[in-house]
Structures are given as structure tokens and as C-alpha cells.
Amino acid sequence: NPPPPDSPMAAIDQTRGLLTYINTQFPNGAPLNPSDVTCVIGTGTEVSESFAGLFQDLGSKIWDADLSRSPLIEELLALSSYLPLSGQTFGVK
């Protein structure tokens, strides 16, 4: 999906031009065969409903030993990525 045109963040492209190129060259996946198109999107990282929510349960978010990663860093990265791509930040999955 292209960024929402009414969003002030629509001009920011964190994909270094790849998203803009794909959307321009292959709108709606055309002329590619649908079986050749792969969507790389998921619901693995959800941003908190509010700024304060980012820091709730901070101790467990800094590092998750079972996952060997930082849910806090993932959430902060998602927060900054979702805004230019979707025009929304908090509560986005």
C-alpha cells in the first residue's frame, strides 16, 4: 500500500526509494503474476496505545532472554516506521 497521501509523513520513505519504485512500477502488483508477488508484512510487533505505554513493564521490555532480543527496541523502531508508512503510530500492529 502506498502511504496515505493526506499524511504529512507521506514524503518520508524509509525504504530508501524501494517502496516508491515498487509502487510506481508495479501498482497493485501488475503486471506481475499474483503467484509471483510476496507480501512481507506481519503482526509480530505492535506499538503501545500511548507514549506512556511504551514504558510500562520496562524491565521486561529492555531484554527478553527467551527471545534473545529487546521488545522495547523493536517497539520503538516500529513506532518510527509505522508513522511514515501508514500515517499512524500508537496502537498499530
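Residues numbered from 1 in each chain as written. Predicted model: local features only at pLDDT ≥ 70, side-chain atom pairs only at ≥ 80, totals over all residues. Heavy atoms only, no water.

**Q** Pulling in residues and values, what's your account of the packing of aromatic side chains?
**A** According to the stated counting rule, one finds one aromatic pair in the structure shown. Measuring from ring centre to ring centre gives 5.4 Å for Phe51 and Phe55, while their planes differ by 70°; the resulting arrangement is edge-to-face. Overall, the relative accessible area of 52% leaves Phe51 in the exposed class. (Phe/Tyr/Trp six-rings, centres within 6.5 Å; stacked < 30°, edge-to-face > 60°. Buried < 20%, exposed > 50% of the residue type's maximum accessible area, 1.4 Å probe, protein only.)

**Q** Which residues make up unusual backbone geometry, and what values do they have?
**A** With phi around 55°, Asp57 is a residue other than glycine that occupies positive phi space. Mapped onto the elements of the fold, Asp57 is located in the loop between α2 (51-54) and α3 (58-62). Asp57 sits in the exposed class, given a relative accessible area of 61%. Its identity as a non-glycine residue notwithstanding, Ser68 has a phi of 55°, on the positive side. (Helix = DSSP H or I, 4+ residues; strand = E, 2+ residues; numbered from the N terminus.)

**Q** Talk me through the environment of Gly53; I want residue IDs and the actual numbers.
**A** Mapped onto the secondary structure, Gly53 falls in helix α2. Classification of Gly53 as buried rests on a relative accessible area of 9%. With 38 residues separating them along the chain, Gly53 and Gly91 place their C-alpha atoms 9.9 Å apart. For Gly53, the contacting residues outside a window of four places in its chain are Ser48 and Lys61. (Contact = heavy atoms within 4.5 Å.)

**Q** Could you give an account of the pattern of salt bridges, naming the residues involved and the relevant values?
**A** All told, the structure shown has two salt bridges when counted by the stated rule. Its salt-bridge partner being Glu75, residue Lys61 comes within 3.1 Å of it at the nearest N-O pair. Taken together, the residues span a long stretch of sequence, with Lys61 in helix α3 and Glu75 in helix α4 (residues 71-86) at a distance of 14 residues. In this pair, the class of Lys61 matches that of Glu75, namely buried. Here Glu74 and Arg69 are joined by a salt bridge, their closest N and O atoms 2.8 Å apart. Its relative accessible area of 27% is what places Glu74 among the partly exposed residues. When its relative accessible area of 39% is taken as the criterion, Arg69 is described as partly exposed. (Salt bridge = Lys/Arg side-chain N within 4 Å of Asp/Glu carboxyl O.)

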